[in-house]
Each structure stands twice: as structure tokens, then as C-alpha cells.
Amino acid sequence: MGLPWAAIKGFLKKLNLFDKLNVNIIIANRSLVLNHSKFNALLFDETTEKLAKDLFRYQFGFGRVDIAEQQSELAYLSYTHEQLIKALKPYLPESDIGALVAASTVVRLEDKQDPASKQRSQELLANLRRAYGSRGRKIYNMLRSKVYQGATIFHSIIMPFLEEAKKTYPRDAWKVRGIFSAFFDDILRYYPRAIWVDNPNPKALKRRYVRILGRITKEQVPVSVYARKTKCIRAAEEICELVLKARPELQLTKETYTLGSDIACMFTIVKK
Amino acid sequence: MVNHEPNLITGPLKSKDEMRRLESTNMVLFRKEDVDRVLSALEIPAQGDLILDTAGEPAVCHTCGCDIGKSNLGNIMPGSRLFFCDNPACLATYIAQTKT
């Protein structure tokens with residue numbers, strides 16, 4: 001019995017999906033596309049098995065369904081980081097690009113979610129801070145930021161600005177560089193306006209409380225408060241509640257997300 | 001001169017040429033318990049838990065170099081010669097490094 005070509009062609013057609021978040025690579029003259037939201041995939045079953053020998057061996061890759069989504073997510077992250085670095089390289093000083101490369105490695109290690117990688121990521125983060133100072137740390141924070149639907153500050157603010165500058169002055173790379181570097185310096189100077197709760201001991205918490213109230217008094221509302229790991233998140237929540245008691249005209253919004261294997265939270269204090 | 005290539009970060013794909021560049025080869029996904037069936041369908045030999053490559057040597061992960069067994073097999077790439085373990089970062093690293 002021959003192969004059911006009509007059925008094969010049918011699903012091949014279906015699988016040729018295009019998405020703006022696709023990751024594209026060439027392996028042995030063939031292109032592989034991983035879709036960020038889901039793998040373009042056919043689940044392996046007995047029918048597939050019958051076809052596998054004749055058709056799939058040279059045309060398809062095989063992957064485990066339980067790790068596919070995470071692979072896709074990580075590939076997307078790595079890919080977008082590389083694209084970012086490539087796109088920003090002509091417009092940023094070498095030190096900032098160095099910090100960006102180191103920060104993207106930290107992010108990738110954190111996202112591997114195993115203890116050895118976590119240890120390495122912490123060491124690398126400490127090195128990054130030592131080598132590039134607070135500027136390097138801010139670049140890492142920006143790469144880790146979540147502004148809108150999982151997009152970072154780079155994707156949602158910096159890259160669109162660069163694209164716009166390039167469109168405005170398509171023949172003058174020096175002008176683009178001048179405009180963009182001033183913009184990037186400004187972003188770094190004013191980011192983060194957030195307050196980080198990274199130490200749950202009472203003295204440190206009191207300092208954070210005073211800083212938040214200070215920002216509110218100076219009318220720098222909304223104030224964002226970030227915390228990572230359960231202990232710090234609980235501490236941050238308590239501080240925010242104390243602030244709300246002192247200033248009832250304000251209200252709190254809370255957004256939880258994950259950073260590597262840690263749970264993280266962003267509290268935003270806004271006017272009612 | 002700065003290269004002003006269209007990028008895939010900030011916007012949707014626009015031109016038909018860009019669409020054409022993204023021809024896809026696909027992944028057939030399998031459940032962990034179906035490893036034996038996948039291996040036999042692809043005629044990939046195994047010795048106990050260990051998977052063997054075309055030279056009869058134990059297959060290793062292309063990225064991290066660990067031995068690939070039935071229990072930690074993550075991916076087999078088209079051509080059945082390239083293997084990845086079940087650490088999601090391994091395939092992802094390969095993809096990031098070999099992207100066009």
C-alpha cells in the first residue's frame with residue numbers, strides 16, 4: 001500500500017504557518033521554524049509511525065512534547081537577545097554592548113532552571129555588576145523587565161525608537177547614533193524609577209518604606225515596587241499596605257510573573 | 001554604512017520575500033513513553049538505555065555533550081544524526097547559534 005500522499009500534503013500545508021515570532025534556522029539545507037507560541041507540530045502516534053520511516057526521517061525533526069514549549073520559549077529569548085545585540089551594536093558604546101551580552105547570558109542561565117546554572121548566573125551577575133557598575137546592572141534589569149505582555153523595555157521602547165530614528169534619517173547613521181545614544185543615556189538615567197525590595201530584614205524594609213513615601217511626596221506617582229522570591233514579595237506587599245494606610249488617596253495594583261525559576265512581583269502604587 | 005535590514009523584533013512580517021524565507025520543516029512531537037517506537041521507526045539502534053549513533057558509538061547531546069539515553073532524549077533532528085538531551089536550553093542554544 002502506497003503512502004497517503006493527499007493526507008501528507010494536507011498536513012504539510014497546515015503546518016506551514018507563519019508568525020511574526022517565528023525563529024528560523026537552516027539545518028542541512030532545510031529550514032526549521034519554531035513558533036514562539038507553539039511548535040508547528042504533529043503528535044507522534046501509530047499513523048505517524050507508519051509514515052516516519054519513509055518520509056519523516058529526512059524531513060522532520062522529532063521532539064519530546066513535554067519540553068517543547070519551554071524549548072520554544074528559550075529559543076525565542078536567545079534569538080531575540082541576539083537580534084537585539086546585533087541591532088544595537090552600531091549605535092551603542094562597546095561597554096554597553098558588553099553589559100548587554102553578559103546580561104543576556106545571565107538571563108539564559110536563569111531560564112535553564114537548574115541549580116548549577118542558577119549558581120553560574122549569580123556569579124556572572126556579580127561579575128557584571130563589578131565590571132559595568134550600576135549601568136550594567138540597569139541594562140540587566142531592563143532585559144529582565146516586563147512592560148507589556150512579556151515585552152521588555154528594549155522591545156517596547158528602545159527598539160521602536162531606534163527604528164523610528166533610522167526611518168527619519170535613513171542616510172545619516174551618525175545622526176541616528178547621536179540621537180539614539182542620548183535617548184539611551186536618558187533611559188538608563190531614569191530607569192529604574194522602581195524600588196527594589198531585595199532584603200527582607202526590618203531595617204532595610206524601613207528604608208524602602210521611607211523611599212516610597214519620599215517618591216509619593218515628590219509627586220513621582222506611579223511608583224513601581226519590584227520583589228523577587230516569596231519572602232521579599234511578602235515584605236514588599238506589607239510595605240505597600242503600610243503606604244496605602246498612610247496615603248488613602250492611592251491604590252495598589254499587583255502583577256506576578258516568573259524570572260528564571262523564581263517567582264517575581266511588580267506592585268504599582270497609583271492615584272485612585 | 002549601517003545595515004538597515006528589516007528586523008523581526010518590533011513588527012510583523014511585511015513583504016512576501018520575508019514570508020518566503022520562513023519555509024518550515026516541522027517537529028513531530030512524541031511522548032516520553034513513545035521513545036522506543038520513535039527509535040524503531042527511525043531505525044536508530046539502542047543498547048539498554050543508551051542510544052547509539054550511526055557509527056555505533058553512544059549518541060551525545062550536540063550542545064552539552066552528555067550521553068543520550070532513552071530516558072533523557074529530547075530531540076532528534078532531521079536526518080536522525082543530531083541528538084539533543086532533555087535540557088530545554090540545549091536545543092534552544094543550538095537554534096540561537098545556528099539561526100540565519
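For the structure, check the block above.
Note that the structure is a prediction, hence the values are computed from the model and not measured.

## A look at the environment of A:Asp262
Residues and elements named next belong to chain A. You can see aspartate 262 is positioned in strand β8 (residues 262-271). Owing to 15 C-beta atoms within 10 Å, aspartate 262 belongs among the partly exposed residues under this scheme. In this structure, the C-alpha to C-alpha distance between aspartate 262 and glutamine 113, residues 149 residues apart in sequence, is 8.8 Å. Among all residues touching aspartate 262, those that are not within four sequence positions of it are Arg228 and Lys229.

## Remarks on the pairing of strand β6 (residues 223-228) of chain A
All names here are of chain A. Here three bridges tie strand β5 (residues 195-197) to β6, and the two strands are oriented parallel to one another. The partner of tryptophan 196 across the bridge, within β6, is tyrosine 226. Summarising the sheet, β6 and β8 pair through six bridges and their orientation is antiparallel. Paired with alanine 227 across the bridge in β8 is cysteine 265.

## What about helix α6 (residues 153-168) of chain A?
Residues and elements named next belong to chain A. Taking 1.5 Å as the rise per residue, α6 with 16 residues should run 22 Å; its terminal C-alpha atoms sit 21 Å apart, in good agreement. Bending of α6 peaks at approximately 30° at the position of methionine 159, with proline proline 160 no more than four residues after it. Within α6, burial applies to Ile153, Phe154, His155, Ile158, Met159 and Leu162.

## Things to note about the packing of helix α4 (residues 94-112) of chain A against helix α5 (residues 115-144) of chain A
Residue and element names in this part refer to chain A. At their nearest, the axes of α4 and α5 sit 8 Å apart, and the two run at 140° to each other. Relative to α5, the element α4 lies oblique. Once α4 is placed against α5, the crossing between them reads as left-handed. A breakdown of the residues in the contact of α4 with α5 according to their chemical character gives 14 nonpolar, seven polar and seven charged.

## Let's talk about the nonpolar core
Grouped burial of nonpolar side chains is what soluble globular proteins tend to show. In this structure, A:Ala103, A:Val106, A:Leu128 and B:Phe83 are the most contacted members of the largest nonpolar core, which totals 61 residues. Looking at which element gives the most residues to this core, the answer is helix α3 (residues 65-88) of chain A, with nine residues. Lining this core are residues from two domains, each supplying at least three of them: domain 1 (5-63) and domain 2 (90-190) of chain A. The contact partners of A:Ala103, leaving out residues within four places of it in the chain, are A:Leu128, A:Ile139, A:Tyr140 and A:Leu143. Core analysis: the second largest hydrophobic core is formed by 17 residues, A:Val197, A:Ile212, A:Ala236 and A:Cys265 among them.

Quick notes on the rules
Counting restarts for each chain: residues are numbered from 1 in the order of the written sequence. Numbering of ligands from 1 and lettering of chains from A proceed in the order in which they are written. Given that this is a predicted model, residues contribute local features only at a pLDDT of at least 70 and side-chain atom pairs are listed and counted only at 80 or more, while totals for whole chains, interfaces and linings are drawn from all residues. Where helices and strands are cited, they refer to DSSP runs of H or I of at least four residues and of E of at least two residues respectively, numbered from the N terminus. Comment: burial labels come from other C-beta atoms within 10 Å of the residue's own C-beta, placed from the backbone, where a count of 20 or more is buried, 12 or fewer is exposed, and between is partly exposed. Two residues form a contact once the distance between their C-beta atoms, set from the backbone, is within 7 Å. The rule for pairing is simple: two strands pair if DSSP sees at least two bridges between them. Multiplying one less than the number of residues by 1.5 Å gives the expected span of a helix. To get the bend at any residue, fit one axis to the seven residues that end at it and another to the seven that begin at it, then take the angle between the two axes. Interaxial angle, 0 to 180 degrees, is taken between N-to-C directions of lines fitted to C-alpha atoms, where a helix line uses only the stretch in contact. Angles below 35 degrees are treated as roughly parallel, those above 145 as roughly antiparallel, those between 65 and 115 as roughly perpendicular, and all remaining angles as oblique. Working rule for handedness: look at the near helix, and if it is turned counterclockwise from the far one by less than a right angle, call the crossing left-handed; if clockwise, right-handed. Residues are grouped as follows: Ala, Val, Leu, Ile, Met, Phe, Trp, Tyr, Cys and Pro are nonpolar; Asp, Glu, Lys and Arg are charged; all remaining types, including Gly, are polar. Note on terminology: a nonpolar core is any set of buried Ala, Val, Leu, Ile, Met, Phe, Trp, Tyr and Cys residues joined through C-beta atoms within 7 Å. Reported domain spans reflect what an automatic or database domain assignment gives.

What is shown is where atoms sit, not what they do.
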